[in-house]
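Here is what each chain is made of, one letter per residue.
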Amino acid sequence: MSRRGRVTVGVLVGVFLLFTLLGWGIDQYTDLLWFREVEFTEVYTGQLVTKVLLFLAVGAAMALLVAGNLYLAYRLRPLLRPHSAEQATLERYRMILAPRLGTWIAVIAVIIGFFAGLSAQNRWKDWMLFQNAQPFGVRDPQFNVDIGFYVFDYPMWRYLLGVGFTAVVLSVIGALAVHYIFGGVRLQGVGDRMTSAARAHLTTLVAVFVLLKAVAYILDRRALLLEQHVSPGLYGAGYTDVNALLPAKEILAYISIVVAVAIIVFSNAVMRNLVWPGVSLALLAISAVAIGGIYPLAVQNFTVQPSLADKEAPYIQKSINATRDAFGLAQTDIRPYAASNTRAPSTLAANSSAQNVRLIDPQLVSEAFTQSQQVRGFYDFGAKLDVDRYKVDDNTRDYVVGVREINDSQLTAQQRNWLNRHTVFTHGYGLVAAPANQVCSGLPHFVSGFLGEQKADPSQDAACAPVEQIKVEQPRVYYGEQASEYAIVGQADKDRNVEFDRPQPGGTADERYTYEGKGGVPIGSFFRRLVFAIKNTESNFVLSDAVNNNSRLMYVRNPRERVEKVAPFLTIDGDPYPAVVDGRIQWILDGYTTSNSYPYSQQINLQNETRDETTDRGTFALERDNVNYMRNSVKATVDAYDGTVKLYEFDGQDPVLKAWNKAFGGNLIVPKAQISKSLEAHFRYPADLFKVQRNLLAQFHVTDAGEYFSGQDFWQVPNTPDAPQENIKQPPFYLNVQLPGQDSTRFQLTSAVTPRNRDNLAALISGSYVSGQPKLEVLELPDQTAIPGPVQVHQRMANNAEVRSQLTLLSNTTQSTVLYGNLISLPVGDGMLYVEPIYVKGTQANATPLLQKVLMSFGDGSQYVTLADSLAGGLQTLINQGRASGNNNPPSGTQPPANTGNNTPGLSGPVAQAATELDTAINNAREAQKSGDFARYGQALQQLDNAMTKYQEAVRAAGGTTTTNPPSTPPSGGAPSPNATPSG
């Protein structure tokens, strides 16, 4: 290469390295500033120092080993080489390499060391746990070794063994190449094909490789406890592993040591050739196949398979016990619940749990929150709201809550310029809450989050309380789930407010605000503005007047991302939720410590086990991590105003959390004793942990090995009741209720489960906190009962003749749609109460779903069914139906068997006549719709309205209820109910 070419290449390489290092340096500097802001600098420095040390240590070790063997191969070269065509050809390569051999070796070693270091720095978590290991106080059932060895030590030893294998293999390949080039190994010519020095060097490397294989066999014995070996489909060492494979691994380890010694001795001291070393290696390979493969296979087929259940029973029991311990299932309280009462008791309406059933579905009312409480089009509450509880007027109730945030994607084109996006529309305002079982004209009854100080005239907005019932001293939200952009806050002129705060009533000018908190990184200096201008490729950081000496930059504003950055060793729950704590809005997040090396425990995929109907609809999907140990060890909070992050210890006995806390200085986690009562009052059982535990309990509630092997009593999580064909799991529900066997009302997460491959109800699982400790409870129904599960009960209720007619009137393919809310299965009154809210949503753009009816049943979901206007009314109707059935009379609201001879069976007198007219009106509306004549269709709808009014008056006059419906059912796509307009 010419001098100019060398200079050009040097300049290009220099520019590439400059920009690469500049980008890396800016990223590290801005990360350091961010960690200083949140006061978690020890996490940043701990990670960085560990990664750098691993990079240097492993990279240097790998480079030195490879370089040393390359140089040794060169030093062992023969000084005289026999003449041959092969050597004449290699002479040209020797002439190129020999003058700069040190440079060539250094370049190769640096490249290998660089990639080895990059691989090593990704093992920083394993190294920190290895260095700060804590005892579990529990020993594995096979080797009697503390579980801490598998969780903290085993992963690092396995990695170091892999590094050793890689170094030896690369050294063998490199040394063989050098020996060949410099004549130590020859393919042609007279005499030996390999010099004594080359043979000694290469055989020593091969012997080291075999010795490492002996170490691998020893570790493989421990690995058997972490792999899937136990029938049926359980993890850990089974009968064949313990009685055949474990001894085989030990024998192979001894054989490996003998083979390594034989390779060195026979190659260099006795035979001085490669025949016997080759025989030794072949013996090792044959032994591995025979002892490690054929013998265990024979034991499995001829000893285990003929009596599989008996042979595997002790190991199934070990896997059951380990799984229950690893996932916190060991203390689950399982109680029988007969659910024998199929008729609603007279005390049902007064039952506090029945009264507290949640009607507001967080997945469906987000649009209602947005439409009713946004005022401006850029406000948003997210795809799914959250459920929490608050004590108002000495009464603790469930509330559906959401934070009014600014959705950057909803800003208009004019609002989306850089100045508006980053300096004006910087924050949301208020936490909006509504009681979970109260509605007003189909809308939630809002009790907080008003944009004004209070509602001046309650009559103007019946859907809102007259005053704030949940007080928030600082309602501004700078850190939230919708915060996707960075924000620049702070003004040099205190009288010049530029941030949009909230709209003023009466159409006056919007209220403006200037941030007064401590959140954000100060960027007043020119250097910092330049750094962030480069990082964000935005020149306005140094050119715009909006950035001044008092400016602060807020970035990483999503609460979940914020906690993940502060605590990268935690798995964060997918459903953060806001709460008002001491007058401030705090985001509360659950953090899990996990491991994939707990012996004998069942391994699960977090993403698969936690996916259900809410995933990616306001709930984050977890990573596809395979784990076999999980603890809710941390409760984290993020202040919505200043972004302060706190990590609170929740499980003080978790060894993994103790190790991480020690790794980062010992003060990373706030002790549990320092959790305030006001914050603890809003802790709730974490959803993702509950889903994992629920799915595992579906199998591991069976604690007897023989019954587990048969698999006859396994459960499964039902699909969503209104769309079971989509094969999406029903999510659990937060309820503030008292379940049978509990001494008081609790805020708990509940879920129904069904027998495997069947739809009837098998059990109800709940998770709650008792005295600050997590508690799992199971109400198990008898095997012989046929109480319907969620899918069955939904189908039975929706297919009830009267209910179907009303639902058909509520829905219309062209004007409105019926949406089914959360189906709650609640054990009360020695039976089962089912409650499912019915929403109606118009088909026009931005239509709000309105809660129109409550579908309820008691017992088996078919005999006692009502579609009521309210929860209280539905409970009373179910009681009346039960009383009527007890008097051998038809339940209220059902059709008597008599037929008067007209075309409306089961009705008589004025009611029958009105029903006949209503049937005619429905048919006329159907025909008019099919004809496409809109004028005729409008007249038919008016006739249907009049017929419906006449029918309802006739029913009332006859002593019926307002929920009684005509027996005829309009066909799909028929006329809509005159009382069910698209707006509800």
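Worth saying up front: this structure is predicted, and the values here are computed from it rather than measured.

> Got a minute to help me understand the overall build of the chain in this structure?
On a plain count of helices and strands, the chain comes out with 26 helices and 34 strands. The buried share among the 984 residues of the chain stands at 53%. Partitioning the contacts of the chain with sequence separation of at least 6, the portion at a separation of at least 24 is 68%. Here the chain has roughly 42700 Å² of accessible surface; of this, 54% comes from carbon and sulfur atoms.

> Looking at this structure, how should I read the confidence of the model for the chain?
If pLDDT is low for a region, its predicted coordinates should not be looked at in detail. Taken as a whole, the chain shows an average pLDDT of 86; of its residues, 89% reach a score of 70 or greater. The low-confidence segment residues 456-460 (pLDDT under 50) makes 1 contact with residues lying over four places distant or belonging to another chain. Within the model, pLDDT remains below 50 along residues 961-984, and this stretch shows 69 contacts once partners closer than five positions in the same chain are excluded.

> When you look at the pairing of strand S23 (residues 629-639) in this model, what are you seeing that I'm missing?
For S23, a buried count of 11 out of 11 residues is recorded, marking the element as mostly surrounded by other parts of the structure. Sheet analysis places strand S20 (residues 584-595) next to S23, joined by 9 bridges and oriented antiparallel. By the bridge assignment, Gly 591 is partnered in S23 with Val 634. Sheet topology note: the S23/strand S24 (residues 645-649) ladder contains 5 bridges and is antiparallel. Bridge pairing in S24 links Ala 636 to Leu 647. Counting the residues between successive antiparallel strands, the hairpin from S23 to S24 contains 5 residues, one of them, Gly 643, with a positive phi of roughly 75°.

> Help me understand the nonpolar core, please; the structure alone is not making it clear to me.
It is characteristic of soluble globular proteins that their nonpolar side chains tend to be buried jointly. Among the nonpolar cores identified, the biggest contains 166 residues, and Phe 40, Tyr 390, Leu 647 and Trp 660 are the most heavily contacted of them. With 14 residues, the top contributor of residues to this core is helix H6 (residues 147-181). Counting 63 residues, the second largest nonpolar core, distinct from the first, contains Ala 354, Phe 369, Val 840 and Phe 858.

> For this particular structure, what's the right way to read helix H9 (residues 275-304)?
Residue pairs three or four apart in sequence face the same way in an α-helix, which turns once every 3.6 residues. Taking 1.5 Å per residue, 30 residues should reach 44 Å; H9 reaches 41 Å between its end C-alpha atoms and fits that length. In H9, a bend of some 25° at Ile 294 exceeds every other bend along the element, and Pro 296, a proline, comes one to four places later. At its buried positions, H9 is contacted by helix H7 (196-223), helix H8 (239-268) and helix H10 (308-326).

> Explanation requested: a nonpolar patch on the surface in the structure shown.
A grouping of Val 7, Val 11, Val 15, Leu 18, Phe 19 and Leu 22 is seen on the molecular surface, where their side chains present a nonpolar patch of about 550 Å² in accessible area. With respect to the helices and strands, the residue Leu 22 is situated in helix H1 (residues 3-38).

> When you look at helix H23 (residues 801-810) in this model, what are you seeing that I'm missing?
Taking burial as the measure, the 10 residues of H23 include 8 buried ones, the bulk of the element. Listing the buried residues of H23 in full gives Glu 802, Val 803, Ser 805, Gln 806, Leu 807, Thr 808, Leu 809 and Leu 810. Measuring from the backbone nitrogen of Glu 802 back to the side-chain oxygen at the start of H23 gives 3.1 Å, which picks out Asn 800 as the cap.

> Looking at this structure, how should I read the pattern of salt bridges?
Opposite charge on two side chains allows them to pair when their charged atoms are near. For the structure shown, the criterion picks out 30 salt bridges. Between Arg 421 and Glu 485 there is a salt bridge whose closest N-O contact spans 2.9 Å. Here Glu 485 lies in the loop between strand S12 (476-477) and strand S13 (487-489) and Arg 421 lies in helix H13 (residues 418-424), a separation of 64 residues in the sequence. Residue Arg 421 is classed as buried on the basis of its relative accessible area, which comes to 16%. Among the residues examined, Glu 485 registers a relative accessible area of 18% and is labelled buried. One connected set of salt bridges, linked through shared partners, spans Asp 333, Arg 335, Arg 746 and Glu 777.

> I'm lost on the side chain of Arg 746 in this one. Help?
Looking at where Arg 746 falls in the secondary structure, it is placed in strand S27 (residues 746-755). Take Arg 746: its relative accessible area is 11%, and that puts it in the buried class. Each residue touching Arg 746, except ones within four places of it in the same chain, is listed here: Leu 735, Asn 736, Val 737, Ser 768, Val 770, Lys 775 and Glu 777.

> Help me understand unusual backbone geometry, please; the structure alone is not making it clear to me.
Residues other than glycine predominantly adopt negative phi, and peptide bonds predominantly adopt the trans conformation. Between Ser 231 and Pro 232 the backbone carries a cis peptide bond, its omega angle lying at 0°. One can find Pro 232 in the loop between strand S1 (228-230) and strand S2 (234-235). Its identity is not glycine, yet Asp 394 carries a phi of approximately 60°, on the positive side. Secondary-structure assignment places Asp 394 in the loop between strand S5 (386-392) and strand S6 (395-403). Backbone geometry places Asp 616, a non-glycine residue, at a positive phi of 65°. With respect to the element layout, Asp 616 can be found in the loop between helix H17 (606-610) and strand S22 (626-627). Asp 616 sits in the exposed class, given a relative accessible area of 55%.

> Teacher, can you tell me more about the packing of H1 against helix H2 (residues 41-75) here?
Angle between the axes and distance between the axes are the two parameters that describe a pair of packed helices. One way to put it is that H1 packs onto H2 with a least axis distance of 7 Å and a crossing angle of 145°. Contacts from Trp 24, Gln 28, Asp 31, Leu 32, Phe 35 and Arg 36 in H1 reach Thr 41, Val 43, Tyr 44, Gln 47 and Leu 48 in H2. A per-class count over the contact of H1 with H2 returns 6 nonpolar, 3 polar and 2 charged.

> Help me understand the side chain of Asn 822 in this model?
Topologically, Asn 822 is positioned in the loop between strand S30 (816-820) and strand S31 (824-828). Given the relative accessible area of 3%, Asn 822 is considered buried. Only 2.9 Å separates the side chain of Asn 822 from the side chain of Arg 358, close enough to count as a polar contact. Residues in contact with Asn 822, not counting those within four places in the same chain, are Arg 358, Ile 360, Asp 361, Pro 362, Phe 733, Val 835, Glu 836 and Pro 837.

> Sorry if this is basic, but what is going on with the sheet that holds S5 here?
Each strand in a sheet pairs with another by means of backbone hydrogen bonds, the pair being arranged parallel or else antiparallel. Taken in spatial order, the 3 strands line up as S5-S6-S9 in an open sheet, and their pairing is antiparallel. Edge positions in the sheet fall to S5 and strand S9 (431-435), since each of these pairs with one other strand and no more. Direction aside, neighbouring strands of the sheet carry axes that sit 45° apart on average. Summarising the sheet, S5 and S6 pair through 7 bridges and their orientation is antiparallel. Within the sheet, the bridge partner assigned to Arg 389 lies in S6 and is Asp 398.

> Is there a simple way to think about the packing of aromatic side chains in this case?
The geometry of an aromatic ring pair is captured by two quantities: the separation of the ring centres and the angle between the planes. With the rule as written, the count across this model stands at 40 aromatic pairs. Their ring planes at 55° and their centres at 4.9 Å tell us that Phe 378 and Phe 425 sit as a pair that is tilted. Taken together, the residues Phe 378 in the loop between helix H12 (366-373) and strand S4 (379-380) and Phe 425 in the loop between H13 and strand S8 (428-429) connect sequence positions 47 residues apart. Taking relative accessible area as the criterion, Phe 378 reaches 4% and is therefore assigned buried. Given the relative accessible area of 8%, Phe 425 is considered buried. Ring centres of Trp 418 and Phe 541 lie 6.1 Å apart, and the angle between their planes is 70°; on these two criteria the pair is classed as edge-to-face.

Rules used in this analysis
Counting of residues starts from 1 at the beginning of each chain's written sequence and follows it residue by residue. Whole-chain, interface and lining totals are the exception, using all residues; otherwise, since this is a predicted model, local features are given only for residues with pLDDT of at least 70 and side-chain atom pairs are given and counted only at 80 or more. To obtain the side-chain values, all non-hydrogen atoms of the structure were used and water was disregarded. Elements are defined by DSSP. Helices are runs of H or I of four residues or more, strands are runs of E of two residues or more, and each kind is numbered from the N terminus. Accessible area is worked out with a 1.4 Å probe on protein chains only. A residue is then buried under 20% of its type maximum, exposed over 50%, and partly exposed in between. By definition, residues are in contact when any of their heavy atoms lie within 4.5 Å. Using a 1.4 Å probe, the Shrake-Rupley method yields the accessible areas, and only the shown protein chains count as cover for residues. On a range of 0 to 100, pLDDT expresses the predictor's confidence in each residue. Note on pairing: two strands pair once DSSP finds at least 2 bridges between them. Buried Ala, Val, Leu, Ile, Met, Phe, Trp, Tyr and Cys residues form a nonpolar core when they are joined through side-chain atoms within 4.5 Å. Residue count minus one, scaled by 1.5 Å, sets the expected span of a helix. Fitting axes to the seven residues ending at a residue and to the seven starting there, one defines the bend at that residue as the angle between these axes. For patches, a residue must show more than 30% relative accessible area and have no salt bridge; joins then use 9 Å for like charges and 5 Å for nonpolar side chains, namely Val, Leu, Ile, Met, Phe, Trp and Tyr. Put simply, a salt bridge is a Lys or Arg side-chain nitrogen that is within 4 Å of an Asp or Glu carboxyl oxygen. Distance and chemistry together define a polar contact, namely a pair of N or O atoms within 3.5 Å, with one atom able to donate a hydrogen and the other to accept it when in protein, and with adjacent residues in sequence counting only for side-chain atoms on both sides. Here an angle of 0 to 180 degrees is reported between the N-to-C directions of two axes, which are lines fitted to C-alpha atoms, with helices fitted over the stretch in contact. Note on residue categories: nonpolar means Ala, Val, Leu, Ile, Met, Phe, Trp, Tyr, Cys or Pro, charged means Asp, Glu, Lys or Arg, and polar means any other residue, Gly included. Geometry of aromatic contacts follows a simple scheme: Phe, Tyr and Trp rings, the Trp one being its six-membered ring, pair when their centres are within 6.5 Å, and the pair is stacked under 30 degrees between planes, edge-to-face over 60, tilted otherwise.

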